[in-house]
Amino acid sequence: MKYYSTNAKAPLATLHEAVVKGLASDSGLYMPEYLYKLSADFFDSIQNLPFNEIAKIVATAFFGEDVEQKALDEIVDDTLQFDCPVVEVSDNIYSLELFHGPTLAFKDVGGRFMARLLQYFIRKEGKEEVNVLVATSGDTGSAVANGFLGVDGIHVYVLYPKGKVSKIQESQFTTLGKNITAIEVNGVFDDCQALVKKAFMDEELNRHMKLTSANSINVARFLPQSFYYFNAYARMKAAGKADNLVVCVPSGNFGNITAGLFGREMGLPIKRFIAANNANDVFFKYLQTGKYTPMASIQTIANAMDVGNPSNFARVYDMFDGDLQKIRSVVSGATYSDEQIRETMKSCFDSNGYILDPHGACGYRALEEGLTDGETGVFLETAHPAKFKETVESAIGAEVEIPERLAAFMRGEKKSVEMSADFDSFKNFLMTR
Ligand SMILES: *Cc1c(COP(=O)(O)O)cnc(C)c1O
């Protein structure tokens, strides 16, 4: 399978090239040339298959031409050492819990899958030291760092905005050591993302070291996110609830929802999607006005979605041939203030006893407000509420227990390199490595 750039000016790339480059040379995002339709038989019996068997079939549709089947199956099994169960929250609303992995957030899936896939290519095609650059607004950094931790021949640099991620999030990538370096940038997430993008474009730097990205722009990170949409459908089908399924995705960089939209293209019977935003509502405004106007990101309590210029918008746009009406026919939007997010956490806890995290709260509320008769909703609960302990506790007025896995990170010692947001200091730092 070849990958093309959404800007259509870069040459087609192999999977290996697309994974190593991250971004295409024309600054576009890679898209698989084909999305294979999965068979009717598969969907007829999907409810009888366990998660990892479903994921192997989906993974084969994406990567089967480029990765030997046995290796691919192993990568999938290694990635999915935890479940993504569907839990009933209220009458017609279900939570797809994506927080049972090592860092308690959905990005664990793509983070681990990408680490293993890159390792597969490095082993297959000979030694070359690879450096992964990843900008994070909170959860990407920890998922990628933990996915790559201890993987031979790969060094990871995590760039994050100083003071703008929670202590718990920070502890998950600053305490690891080994092949993981945390860089604390004096700026916002968009500055971190800009630094990473510039680094990939800098010829001198790229001669000095082999660079690759691990943001949600990377096909190895974002495509595997489609696995759990199929699993959600299977579990809902087993419960007799799969008709008129509406899937709501708390969205920031739009990688997660794009993976779901890909699943739908491959035949997954999802009626429609809702992209739930916090106050960073560029996409919501686009759906309303047809104009895409990036802005500086606004800090909110759902900080993993504080993105003012979502990278994967380019993929959504490309997928629907830039046709606003087509996009609107499948995806609608919602946007919530911090106040509304708090309110939703509280009311959901009071009525259902279910503790939402601030991101999942956007998803839950958008379903509460947006489902019509005969529809059943599944929202992606993208992180464990304990990752946002203070925020959640003050909203619901009850204690949130910290899972031991998280407590262990918080006991670790923080190590980071502080840096300004200008590209020269970042480049100099890397040039001396
Ligand atoms: C990354 C993240 C999101 C947003 O996902 P995108 O793929 O960037 O749209 C939502 N919630 C949590 C907890 C996240 O970590």
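Just above sits the structure.
Just so it is clear, the structure is predicted and the values come from calculations on it, not from any experiment.

Caption draft 1: Structural detail: the site of the ligand. Around the ligand sit 15 residues, and of these Lys107, Asp139, Gly252, Asn253 and Phe254 come closest. Thr382 is positioned with one of its side-chain polar atoms (N or O) 2.8 Å from a nitrogen atom of the ligand. The protein chains hide 97% of the 380 Å² of surface that the ligand would expose on its own. Judged by its atoms lying within 2 Å of the grid points, the ligand is housed in the largest cavity.

Caption draft 2: Here's a closer look at the nonpolar core. Ranked by size, the top nonpolar core spans 135 residues in total, and within it Phe63, Leu118, Tyr228, Tyr229, Phe230, Phe273 and Phe283 carry the most contacts. Among the nonpolar cores identified, the runner-up in size contains 21 residues, and Cys192, Val196, Phe423 and Phe426 belong to it.

Caption draft 3: How the structure looks around empty space enclosed by the protein. Taken as a whole and judged by the stated rule, the model has four cavities of 30 Å³ or more. Within this model, the largest cavity holds a volume of roughly 270 Å³. In terms of lining, the largest cavity is formed by 25 residues, of which the most central are Phe106, Lys107, Gly252, Asn253 and Ala304. Residue assignment for the lining of the largest cavity shows that the elements contributing at least two residues are α6 (139-148) and α12 (255-265).

Caption draft 4: Region of the structure containing the packing of helix α16 (residues 338-352) against helix α17 (residues 358-370). The geometry of α16 relative to α17 is characterised by a closest axis approach of 9 Å and an angle of 75° between their N-to-C directions. With respect to each other, α16 and α17 are oriented roughly perpendicular. Touching Gln340, Ile341, Glu343, Thr344, Met345, Cys348 and Asn352 of α16 are Pro358, Ala361, Cys362, Tyr364 and Arg365, all from α17. Residues that form the contact of α16 with α17 fall into these classes: seven nonpolar, three polar and two charged.

What counts and how
Residues numbered from 1 in each chain as written. Predicted model: local features only at pLDDT ≥ 70, side-chain atom pairs only at ≥ 80, totals over all residues. Heavy atoms only, no water. Near = heavy atom within 4 Å. Polar contact = N/O pair within 3.5 Å; in protein donor to acceptor, adjacent residues only side chain to side chain. Areas by Shrake-Rupley, 256 points an atom, 1.4 Å probe, with all protein chains shown as cover. 1 Å grid on protein atoms, 1.4 Å probe; cavity = no way out; pocket = protein on both sides within 12 Å on 5 of 7 lines; lining within 4 Å. Sits in = over half its atoms within 2 Å of the grid points. Core = buried A, V, L, I, M, F, W, Y, C linked by side-chain atoms within 4.5 Å. Buried < 20%, exposed > 50% of the residue type's maximum accessible area, 1.4 Å probe, protein only. Points joined across faces, edges and corners; volume = space filled by probe spheres on them. Helix = DSSP H or I, 4+ residues; strand = E, 2+ residues; numbered from the N terminus. Axes fitted to C-alpha atoms, helices over the stretch in contact; angles between N-to-C directions. Parallel < 35°, antiparallel > 145°, perpendicular 65-115°, else oblique. Contact = heavy atoms within 4.5 Å. Nonpolar A, V, L, I, M, F, W, Y, C, P; charged D, E, K, R; others polar.

Purely geometric stuff here, so don't read any function into it on its own.
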